Amino acid sequence: MNFFQIISEIEKVDPEVYDRLDSRRSVFKHMSGLGQKLTAAALPLAVGAIFNKAYAQTPVGASVNDVLNFALKLEYLESYFYQARMAVVGGFNTNVTASLALIATDEANHVTFLRSVLGSNAIAAPTAATFDYTAKGAFNPTVAAQYLALAQSFEDTGVRAYKGAAPLVMSNKTVLTAALNIHSVEARHSSQLRAIRRSLATSGTPAPSQGIAVAPYSAAPKSWISGTDGGGAVPGATDAIYGAGNNTNAPTGITFDSEANITQGNVALSGSTITAAASFPTSAFSEAFDEGLDVGTVAKIANMFSVSGNYFG
Amino acid sequence: MSTNHNSDLLQQESRVDQPLYTPIKRRSFFMYAGATAGATALVLAGCSKSDSAPGMVNVGSGDVGVLNYAYALEQLEAAFYTQLRTGGYYTGSTITAAEKAILDDLYYHEVIHRDFFKAAITAAGATPIMALTPNFSSIDFSSRTSVLGTAKAFEDLGVAAYNGAGQYITSATYLYIAGKIVSVEARHAAIIRDLVSENTFVGNDILTISSASNSSVATNNSPSGSSLERSMSPSEVVATANTFLADGSKLDVSGIK
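For every chain, the first residue of the written sequence is number 1, and numbering continues from 1 onward in sequence order. Labels follow written order: the first chain is A, the first ligand is 1, and so on. Local features are withheld for residues below a pLDDT of 70 in this predicted model, meaning they are given only at 70 or higher, and side-chain atom pairs are given and counted only at 80 or more; totals for whole chains, interfaces and linings count all residues. In computing side-chain properties, one takes all heavy atoms of the structure into account and sets aside hydrogens as well as water.

**Student:** Residue-level account of helix α6 (residues 144–165) of chain B, with values.
**Tutor:** With 22 residues, α6 of chain B should reach 32 Å at 1.5 Å per residue; the first-to-last C-alpha distance of 31 Å fits that figure. The buried count for α6 of chain B comes to 17 of 22 residues, which makes it a mostly enclosed element. Helical segments are the DSSP runs of H or I of at least four residues, strand segments are the runs of E of at least two, and each set is numbered from the N terminus. Under the convention used throughout, the expected extent of a helix is 1.5 Å for every residue step, that is, one less than its residue count. With a 1.4 Å probe rolled over the protein chains alone, any residue whose accessible area is under 20% of its type maximum counts as buried; one over 50% counts as exposed, and the rest are partly exposed.

Now the structure itself:
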């Protein structure tokens, strides 16, 4: 990609482009520093980050960097949690051990990636001591079943958080696409943890994919979210993860509904719109769509696992 | 004008106008955006006669183009799971209860997605594309390997397609709805992949775990060791999707940009 050409193209329509950047020299200094950390494939992202810094405007109360730093905090919450999997008493069977190792790698990679995108704008790296996975004694994450329930909770929260934040970063297509490309990975993780939990809950079968889901899906969930999943992995404590968000600062046209929502884009999913609906179980209509959450609601959920109680804002 | 030159031009345009979305004062931004759209239309007008393929289904342009693109992919998936349920593997005796339950849910979800898009496009005052005719002659519906292998291909393709199309959506509402669907497709993909082979819910073939991604659209790409989904451009997606569509139903997505 020709960085000089881009600058010059922008200059044609925005003669002040150089003023918007800190200064010509500092941008290239920034570029060369980033270049050491990033491969060529990631360069457009780095450039996007620089322009974003230069042109930053606050969409609906959160700048792109703020959104990315919030995502980074959530990735740290997940990453340290998977690093702590060895503390689980008795460990896990072979399949589960392998699954958790794969997920741990992905979350650590997400941390590295977001840090590289944010560069000097990234938050200071938290330590494991920033987080309290017992949520002040509510959970015991050294018990295998609770550990897996918490893992599902974190992944589902992550999916809702990235989804809710996507419209906040859509002004930058590179950042948007990267966020979407993390969002779907979190959904894959959630799917797997749900499969593991239902296989262990029903038959103890060693193959995670062969478990049978049991309504109301809190203990033996489907791979997708059915209604509000009976309050989630730990009913009561995790209700908010599957509940409605706060629409106060929502972008126009967007509402943060509970996972049980069955009206999408003003289209009611029922017999009038779905040809074969009569033969479908009603649960399918909520399962077919996931729902997003606003930053404030996600922060509230995540802060349950913050020692300070306000790490997530 | 050659297609390559055309796409280079457009790529340059999108790179240039990308950082200008928020920055410049609203009025001047729209003037610039208007000029770009006009230039694009001219470029397309110059190319359309020689480039348009006869007998193809053009999904259109703008947000409606993306919605119709999604509608097309959901039609393909829904048709696959519908036919699967009458096939030998599903109706046979070797399928497990877990597999049957999963395939039932996938059928429900994809039919709901398909009919949702048709209704949503109509509600937006636009015209949905026609009902597509699939060509599943390469699939052996009595074979577990063939059925699950194809499901895996469709679900992974769907995730990569939605992720790669988000950048072409201008309405926050539609982007958000696409996000609501893509995570469900990712959940599908993960469990289907595990049915094919346990613990393949993620892997370097679909995520940038040990190698970088290389879509023809730069915004889709991320470096090795980042564990991001490998999203795909509409033209990359239909290169695969069209092999499962009959002549006269193959997709032209050149309007999405």
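**Student:** Would you mind going over the environment of G91 of chain A in detail, with residue names and values included?
**Tutor:** Residue and element names in this part refer to chain A. Its location among the elements puts G91 in the loop between α5 (64–83) and α6 (94–118). Residue G91 is classed as partly exposed on the basis of its relative accessible area, which comes to 34%. For the pair G91 and T142, spaced 51 residues apart in the sequence, the C-alpha separation amounts to 9.1 Å.

**Student:** Run through the pattern of salt bridges, naming residues and quoting values.
**Tutor:** Side chains that differ in charge, positive against negative, can pair when their charged atoms come close. Within this document, salt bridges are pairs made up of a side-chain nitrogen of Lys or Arg and a carboxyl oxygen of Asp or Glu, the two lying within 4 Å of each other. Overall, the coordinates contain 16 salt bridges over all chains when judged by the stated rule. K222 of chain A is the salt-bridge partner of E287 of chain A, the closest N and O atoms lying 2.8 Å from each other. In this pair, E287 of chain A is assigned in helix α10 (residues 283–287) and K222 of chain A in the loop between α8 (173–202) and α9 (239–242), connecting sequence segments 65 residues apart. Judged on exposure class, the residue E287 of chain A and its partner K222 of chain A are both buried. With a shortest N-O distance of 2.7 Å, E291 of chain A and K180 of chain B are connected by a salt bridge. Placement of E291 of chain A in the loop between α10 and α11 (295–303) and of K180 of chain B in helix α7 (residues 172–196) is noted, with the two residues assigned to different chains.

**Student:** Tell me what's going on with α7 of chain B, and back it up with residues and numbers.
**Tutor:** Residues and elements named next belong to chain B. Its 25 residues give α7 an end-to-end C-alpha distance of 36 Å, which sits within 8% of 36 Å, the value for a rise of 1.5 Å per residue. Counting buried positions along α7 yields 22 of 25 residues, so the element is predominantly enclosed. At the N-terminal boundary of α7, the capping side chain belongs to S171, with an oxygen 3.2 Å from the backbone nitrogen of T173. Polar contacts, as counted here, are pairs of nitrogen or oxygen atoms within 3.5 Å of one another; within protein the pair requires one atom able to donate a hydrogen and one able to accept it, and residues that are adjacent in sequence qualify only if both atoms are side-chain atoms.

All quantities given are derived from atomic positions and should not be read as evidence of function.
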